[in-house]
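Residue-level listing of the chains:
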Amino acid sequence: MPKNRNLLSSLTLRRREVTSRAVHRVWAWVQETGAVTAPHPGRLRFGRIGVGTRLAFPQGTVFGERWIELGDHCIIGEQVTLTAGLMPDLDLGADPILTLGDGVVLGRGSHVIADTSVSIGSDTYCGPYVYITSTNHSYDDPDQPVGRQWPRMEPVVIGPGCWIGTGAVILPGARLGRNVVVAAGAVVRGEVADHAVVAGAPARVVRSWDPEKGWQPPLRTPAPVPIPDGVTPEQLAAVALLLEDPAEN
């Protein structure tokens, strides 16, 4: 009997392993097939979707695609919401409402809500669960539920080369300059100058670049060493393996 039990247990584990591998293979196929690209847009008809741009599957809520323009080589993570207009099936006119420059990255679970103009500059990277919106609730009337009061809308402009950390919120009317760093969890409104670092809720400038003095206050960590010219991706991968486990290499 113990031998039979061991055999049955072994067969059960083997069956689970085979099933698990099959499920992962199917899911990988679903993710690949369900991804949205310019050659394979599926049901989504964007105003523009650039070369090399990819929306991972599963997508979040997407509507108003006709007024959404995505640049080249953008990476849109899973469950990212992209909307133009207050609701689907509205006529928003001739001009785009939501525009992403080339090389924009939107991390998993992020939301970009463009009820009026939202522009995200090229090479801006957003961590997961970033929330960018051109609309905010109003609460002028104390006798009415906030959710029933007409919202306020202001355009949002995010300059090129920004880094927006996990869970940050960019509120209506925000205008971020070039290469701005937004700390994780920050809540940003108003104007932020080029080459500034903002943090907090509400966000405030905690570091900025001075052409003569450099970063103020000074950085506490040494600058990263640039990759030498001519180094190939294969060489970088080999070095990474050496650093991970020098004993085995």
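The structure we're discussing is the one just above.
These notes cover the structure that comes with them. Residue numbers restart at each chain and count upward from 1, following the sequence in its written direction. Where totals are concerned, whole chains, interfaces and linings use all residues; where local detail is concerned, this predicted model gives features only for residues with pLDDT of at least 70, and gives and counts side-chain atom pairs only at 80 or more. Side-chain calculation: all heavy atoms of the structure are included, whereas hydrogens and water are not.

A look at the sheet that holds strand β17 (residues 169-170)
Phase 1: One open sheet holds the six strands; their spatial order is β3-β6-β9-β12-β17-β20, and the pairing between them is parallel. Both edges of this open sheet fall to β3 (62-63) and β20 (187-188), since each of them pairs with a single strand only.
Phase 2: Two strands make a pair as long as DSSP finds a minimum of two bridges between them. In this text, helices come from DSSP runs of H or I with a minimum length of four residues, and strands from runs of E with a minimum of two, each type numbered from the N-terminal end. Pairing of strand β6 (residues 81-84) with strand β9 (residues 111-114) involves four bridges; the strand directions are parallel. Bridged to L82 within β9 is V112.

Quick look at the environment of A193
Phase 1: Along the chain, the position of A193 falls in the loop between β21 (191-192) and β22 (196-199).
Phase 2: Burial classes follow relative accessibility: with a 1.4 Å probe on protein chains only, a residue under 20% of its type's maximum area counts as buried, one over 50% as exposed, and anything between as partly exposed. For A193, a relative accessible area of 54% gives the class exposed.
Phase 3: When the C-alpha atoms of A193 and W29 are compared, they prove to be 44 Å apart, with 164 residues separating the residues in sequence.
Phase 4: Any two residues whose heavy atoms approach within 4.5 Å are treated as being in contact. With residues near it in sequence (within four places) discarded, A193 still touches G177 and V180.

Quick notes on the pattern of salt bridges
Phase 1: One speaks of a salt bridge when a side-chain nitrogen belonging to Lys or Arg is within 4 Å of a carboxyl oxygen belonging to Asp or Glu. All chains considered together, the criterion is met by five salt bridges.
Phase 2: Close ionic contact of R21 with E17 constitutes a salt bridge, the shortest N to O distance being 2.7 Å. Of the two residues, R21 and E17 both sit in helix α1 (residues 2-34), four residues apart, roughly one turn of that helix.
Phase 3: Measuring nitrogen to oxygen at the nearest pair gives 2.6 Å for the salt bridge that ties E78 to R108.

A look at the packing of aromatic side chains
Phase 1: Aromatic pairs are defined between Phe, Tyr and Trp rings, using the six-membered ring for Trp, whenever the two ring centres lie within 6.5 Å; interplanar angles under 30 degrees are classed as stacked, those over 60 as edge-to-face, and all others as tilted. Under the criterion given, the structure shown has three aromatic pairs.
Phase 2: On the basis of an interplanar angle of 55° and a centroid distance of 6.2 Å, the ring pair of W27 and F57 is categorised as tilted. You can see W27 sitting in helix α1 and its partner F57 sitting in the loop between β2 (54-55) and β3, a full 30 residues away along the chain.
Phase 3: A relative accessible area of 40% places W27 in the partly exposed class.
Phase 4: What makes F57 partly exposed here is its relative accessible area of 25%.
Phase 5: With 6.2 Å between their ring centres and 45° between their planes, Y125 and W163 make a pair best called tilted. Here Y125 is found in strand β11 (residues 125-126), whereas its partner W163 is found in strand β16 (residues 163-164), with 38 residues between them in sequence.
Phase 6: On the accessibility criterion, Y125 (39% relative accessible area) is partly exposed.
Phase 7: Residue classification places W163 among the partly exposed positions, given a relative accessible area of 45%.

Some points on the nonpolar core
Phase 1: Core analysis: the biggest nonpolar cluster contains 41 residues, and L82, L106, I132 and L176 have the highest contact counts within it.
Phase 2: Mapped onto this core, the elements with two or more residues apiece are β4 (68-70), β6, β7 (98-100), β9, β10 (118-120), β15 (156-158) and β22. In this description, a nonpolar core means a group of buried Ala, Val, Leu, Ile, Met, Phe, Trp, Tyr and Cys residues linked to one another through side-chain atoms lying within 4.5 Å.

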